[in-house]
Amino acid sequence: MKVVETCGEMFALCRTAQPPLGLVPTMGALHEGHMSLVRRARADNLTMAVSIFVNPTQFGPNEDFARYPRSLERDLELLAAAGTDLVFLPGPPEVYPDGFDTWIEPGAVAEGMEGAARPGHFRGVATVVAKLFTITRPDRAYFGQKDGQQVAVIRKMNDDLNLGAEVVTMPTIREPDGLALSSRNAYLTDEERKAAPVVYRALRAAEELWRAGERDARALQSAATAQLESEPALSSVDYVSVVDAGSMAEITGTVEGHAAMVATAVRLGTVRLIDNLVLE
Ligand SMILES: Nc1ncnc2c1ncn2[C@@H]1O[C@H](COP(=O)(O)OP(=O)(O)OP(=O)(O)O)[C@@H](O)[C@H]1O
Ligand SMILES: CC(C)(CO)[C@@H](O)C(=O)[O-]
Ligand code: BAL
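Keep in mind the model is a prediction, meaning the values are calculated, not measured.

## Points about the site of ligand 1
Ligand 1 sits among 20 residues. The nearest are H31, K146, D147, S182 and S183. With respect to ligand 1, the side chain of H34 contributes an N or O atom lying 2.8 Å from an oxygen atom. L181 places a main-chain nitrogen or oxygen 2.9 Å from a nitrogen atom of ligand 1. Elements represented by at least two residues in the shell around ligand 1 include exactly β2 (21-26), α2 (32-44) and β5 (140-144). Top element by residues in the shell around ligand 1 is α2. It accounts for 3 residues. Taken together, the residues of the shell around ligand 1 sort by class into 8 nonpolar, 9 polar and 3 charged.

So, in structure tokens, the structure goes:
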């Protein structure tokens, strides 16, 4: 396994690597969610690259960039054991040198939900992913459904800008009680961890109603919201939305004719958790 810190060396290595090349972009603090992407990328491709970069431009000024979990040594052990060929580990000045001033601005797909709650977030995500695609030229790139709107933003950018990667979406890996694995779960206190599965229960409530034949988006949204409101430990609910799973456009009438996604973001103390389920 080769660990590479510069864009130039990574570009050169990827250009001469055996295709197909699979890329797994991450921010590190690896868990089983990430590793499911890594294993799939290993199985699908002759060369497999993982990037670890906590991207400052996708964090707002009052967000958790400084305290974002970092566990580099363990991450590298896990990646070596999984048969990773290349790890791209740039520092912020390598990705954003002095004078960097070109940005990818996603459109409507990035407007609601996470885009509304975290202004500028998807501009930062799209810009860094475009850079990673340009440096590594992947045949396939792997992302988790847990960040459902992120995958939609990246798919649209990949299509609109002819970046040429196959974007592969992998299912959300969960704890036995339903909590989606996330690096940010490490912030939860014991009390908050006990309350956290309410997020999945809420999404399941909407899904069960949908399975029972309900097609009114508002009714599905209300079912999820009622579950969330029944948990006193939740500090606030940022949103519960029912959207088209491709365009991320809010559905206000019937979900009939859409692959719909029900998505939520909540705050538990200082921790912000997101999750979603696709109704299909
Ligand atoms: N539970 C999960 N199941 C499947 N994929 C996941 C899961 N958690 C994260 N991923 C995917 O791993 C990739 C890297 O994500 P990232 O490094 O931000 O991890 P994270 O655990 O989502 O962290 P965060 O706390 O920022 O949400 C993304 O494509 C993300 O969707
Ligand atoms: C895709 C990504 C690596 C871009 O920084 C990040 O948003 C993530 O880890 O989901
Ligand atoms: N997993 C998405 C990255 C972020 O929350 O910034």
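Continuing now.
## Here we look at the site of ligand 2
Near ligand 2 the following residues occur: P25, T26, M27, N55, Q58, V125, V128 and Q150. A distance of 2.6 Å separates an oxygen atom of ligand 2 from a polar atom in the side chain of Q58. Here an oxygen atom of ligand 2 and a side-chain polar atom of Q150 are 2.7 Å apart. For ligand 2, whose free accessible area comes to 290 Å², the fraction covered by protein is 89%. Counting only elements with at least two residues in the shell around ligand 2, the list comes to β2 and α6 (121-136). Split into classes, the residues belonging to the shell around ligand 2 amount to 4 nonpolar, 4 polar and no charged.

## Some words on the sheet that holds strand β1 (residues 2-4)
The strand order β1-β4-β3-β2-β5-β6 describes an open sheet built from 6 strands, whose pairing is parallel. On the outer flanks of this sheet lie β1 and β6 (166-170), each paired with one strand and no other. Taking each pair of neighbouring strands and ignoring which way they run, the sheet shows an average axis angle of 25°. With 3 bridges connecting them, β1 and strand β4 (residues 86-88) associate as parallel partners. Within the sheet, the bridge partner assigned to K2 lies in β4 and is L86. Across the sheet, α2 is in contact with β2, β3 (47-52), β5 and β6; its angle to β5 comes to roughly 160°.

## Structural notes on the pattern of salt bridges
Summed over the entire model, instances satisfying the criterion amount to 19 salt bridges. The salt bridge involving E166 is made with R140; its shortest N-O contact spans 3.3 Å. Of this pair, E166 sits in strand β6 while R140 sits in strand β5, and the two are 26 residues apart along the sequence. A relative accessible area of 44% places E166 in the partly exposed class. In this structure, E208 and R204 form a salt bridge, with 3.1 Å as the shortest nitrogen-oxygen distance. Placement of both E208 and R204 in helix α9 (residues 198-211) is noted, with a separation of 4 residues, approximately one turn of the helix. The exposure class of E208 is partly exposed, given its relative accessible area of 45%. Given the relative accessible area of 26%, R204 is considered partly exposed. Each of E114, D238, R267 and R272 takes part in one network of salt bridges that share partners.

## Observations concerning the domain arrangement of the protein chain
Segmentation of the protein chain into domains returns domain 1 (2-170) and domain 2 (183-275). Measuring from the centre of the C-alpha atoms in domain 1 to the corresponding centre in domain 2 gives 26 Å. Counting from both sides, the interface comprises 20 residues of domain 1 and, opposite them, 16 residues of domain 2. Between domain 1 and domain 2 the total buried area reaches about 1500 Å² when both faces are included, carbon and sulfur atoms providing 53% of it. Of all residues in domain 1, R67, M113 and E114 bury the most surface against domain 2, accounting for 39% of the area lost on that side. On inspection of domain 1 and its partner domain 2, the count reaches 2 salt bridges. Between D64 and R184 there is a salt bridge, with the nearest N and O atoms lying 2.8 Å from each other. Applying the counting rule to domain 1 against domain 2 returns 7 residue pairs in polar contact (both at pLDDT 80 or more). Mapped by element, the contributors of at least two residues to the side of domain 1 that touches domain 2 are α5 (113-117) and α7 (148-160). Its residues assigned to classes, the side of domain 1 that touches domain 2 shows 8 nonpolar, 6 polar and 6 charged.

Conventions adopted
Residues numbered from 1 in each chain as written. Chains lettered and ligands numbered in written order. Predicted model: local features only at pLDDT ≥ 70, side-chain atom pairs only at ≥ 80, totals over all residues. Heavy atoms only, no water. Near = heavy atom within 4 Å. Polar contact = N/O pair within 3.5 Å; in protein donor to acceptor, adjacent residues only side chain to side chain. Helix = DSSP H or I, 4+ residues; strand = E, 2+ residues; numbered from the N terminus. Nonpolar A, V, L, I, M, F, W, Y, C, P; charged D, E, K, R; others polar. Areas by Shrake-Rupley, 256 points an atom, 1.4 Å probe, with all protein chains shown as cover. Pairing = 2+ DSSP bridges. Axes fitted to C-alpha atoms, helices over the stretch in contact; angles between N-to-C directions. Contact = heavy atoms within 4.5 Å. Salt bridge = Lys/Arg side-chain N within 4 Å of Asp/Glu carboxyl O. Buried < 20%, exposed > 50% of the residue type's maximum accessible area, 1.4 Å probe, protein only. Domains from an automatic or database assignment. Buried area = accessible area lost by both parts, 1.4 Å probe.

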